[in-house]
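Analysis of the macromolecular model
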Amino acid sequence: MKKTITSLSLFAAIALSAVVAQAAAPTILVVDMAKLYDSHYKTDEQNAKLRADEQKAQEEIEKMNKDGNVLVDEYKGLSEQANNPSLTDAAKAKSQNEAAKKLDEIQRKKNDIGTFAQNTQRSLQQRLQNFRSQMLEEISKIASDVAKRKGATLLLDK
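Cut-off values and rules
- Residues numbered from 1 in each chain as written.
- Predicted model: local features only at pLDDT ≥ 70, side-chain atom pairs only at ≥ 80, totals over all residues.
- Heavy atoms only, no water.
- Helix = DSSP H or I, 4+ residues; strand = E, 2+ residues; numbered from the N terminus.
- Contact = heavy atoms within 4.5 Å.
- Areas by Shrake-Rupley, 256 points an atom, 1.4 Å probe, with all protein chains shown as cover.
- Core = buried A, V, L, I, M, F, W, Y, C linked by side-chain atoms within 4.5 Å.
- Buried < 20%, exposed > 50% of the residue type's maximum accessible area, 1.4 Å probe, protein only.
- Patch = residues over 30% accessible without salt bridge, like charges linked within 9 Å, V, L, I, M, F, W, Y side chains within 5 Å.
- Salt bridge = Lys/Arg side-chain N within 4 Å of Asp/Glu carboxyl O.
- pLDDT = per-residue confidence, 0-100.
- Expected span 1.5 Å × (residues − 1).
- Phe/Tyr/Trp six-rings, centres within 6.5 Å; stacked < 30°, edge-to-face > 60°.
- Axes fitted to C-alpha atoms, helices over the stretch in contact; angles between N-to-C directions.
- Parallel < 35°, antiparallel > 145°, perpendicular 65-115°, else oblique.
- Nonpolar A, V, L, I, M, F, W, Y, C, P; charged D, E, K, R; others polar.

Another point: the overall build of the protein. A count of helical and extended segments in the protein gives four helices and two strands. Taken from N to C terminus, the helices and strands of the protein fall in the order α-β-α-α-α-β. Sequence separation of 24 or more characterises 81% of the internal contacts of the protein that already satisfy a separation of 6 or more. Accessible area of the protein: about 12000 Å², with a carbon and sulfur share of 56%.

Quick look at the structure:
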C-alpha cells in the first residue's frame, strides 16, 4: 500500500510538473523581416524615388562632363596655338597663359564633378538608411502586435 501511495504521488508529481512545464513553455512565432520589408508597398515607392533621383544626378554628371569636355577642347586649341611657330613670342606667351588658366578651370570642374558625385551618393545612401530603419521599426511594431494577438510569448526574425 505504501508503495502504491508513493507510486501515485510520484505519478502525480510528474503529471503536475508536465502541466507546469507546458504552461511555462513559450509560444514562439517566426517572422521574415527581410521579406516583409522587400514586399512592402512603401519600399517599392521609396526605391522608385531613389532611382529617379539617382538618374537625375547621373544626368547632371553627364552634363558637367560635357561642359568639361568643351573646356578640354578649348585647352587643346590654346596649346596648339601656343606651339605654333608662326606666332610671335608675345602671342605664344599669351596663349600659354590662357592654356594654363583653362587647365586650372578643367581641374576645378573635375573636382566639382567628383564632389557632386560623392555628395549625391552619400545623400542617397543616408536617405535609404533612414527609410530602412523607419520601415523596419514600423514592421517590427506591427509584427509584435500580431504576435501578441496570436498569444505568442516570443517573436523571432528568420
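This part is about the nonpolar core. Note that soluble globular proteins tend to have their nonpolar side chains buried in a common cluster. Core analysis: the biggest nonpolar cluster contains 10 residues, these being Val31, Met33, Tyr37, Leu50, Leu124, Leu128, Phe131, Met135, Ile139 and Ala143. If you list the elements that add at least two residues to this core, you get α2 (33-39) and α4 (89-149). Here this core gets six residues from one element, more than from any other, and that element is α4. Not counting residues up to four positions away in its chain, the partners in contact with methionine 135 are Tyr37, His40 and Lys42.

This next bit is on a nonpolar patch on the surface. Together, Ile28, Val30, Leu154 and Leu156 make up a nonpolar patch on the protein surface, roughly 340 Å² of accessible area in all. When contributions to the nonpolar patch are tallied by element, the ones reaching two or more residues are β1 (28-31) and β2 (154-157). The partly exposed category is assigned to leucine 156, whose relative accessible area is 38%.

Turning our attention to the pattern of salt bridges. Within the structure shown, the criterion is met by seven salt bridges. For glutamate 138, the salt bridge goes to lysine 42, with nearest N and O atoms at 3.6 Å. Of the two residues, glutamate 138 is situated in helix α4 and lysine 42 in helix α3 (residues 41-82); the sequence distance between them amounts to 96 residues. By relative accessible area, lysine 42 is classed as partly exposed at 28%.

Bringing the confidence of the model for the protein into the picture now. In the predicted model, the protein carries a mean pLDDT of 83, and 84% of its residues have values of at least 70. α4 holds the highest mean pLDDT among the elements of the protein, 91, whereas helix α1 (residues 2-24) holds the lowest, 46.

Before going further, it helps to examine α3. Compared with an ideal rise of 1.5 Å per residue, which puts 42 residues at 62 Å, α3 spans 61 Å between its outermost C-alpha atoms and is within 8% of the ideal. Taken residue by residue, α3 has Thr43, Gln46, Leu50, Ala57, Ile61, Met64, Gly68, Leu71, Leu78 and Ala82 as its buried positions. Packed against the buried residues of α3 are α2 and α4.

It is worth spelling out the packing of aromatic side chains at this point. Evaluated as defined, the whole model comprises one aromatic pair. Each ring, one from tyrosine 37 and one from phenylalanine 131, has its centre 6.3 Å from the other, and the planes form 55°; the classification is tilted. Taken together, the residues tyrosine 37 in helix α2 and phenylalanine 131 in helix α4 connect sequence positions 94 residues apart. Neither residue differs from the other here; tyrosine 37 and phenylalanine 131 are each classed as buried.

Now for the packing of α3 against α4. Orientation of α3 relative to α4, taken along the N-to-C sense of each, is 175°, at an axis distance of 8 Å. In terms of orientation, α3 and α4 fall into the roughly antiparallel class. Partitioning the contact of α3 with α4 into residue classes produces 19 nonpolar, 10 polar and 15 charged.

By the element assignment, asparagine 83 lies in the loop between α3 and α4. Taking C-alpha positions, asparagine 83 is 8.6 Å from glutamine 96, a pair spaced 13 residues apart along the chain.

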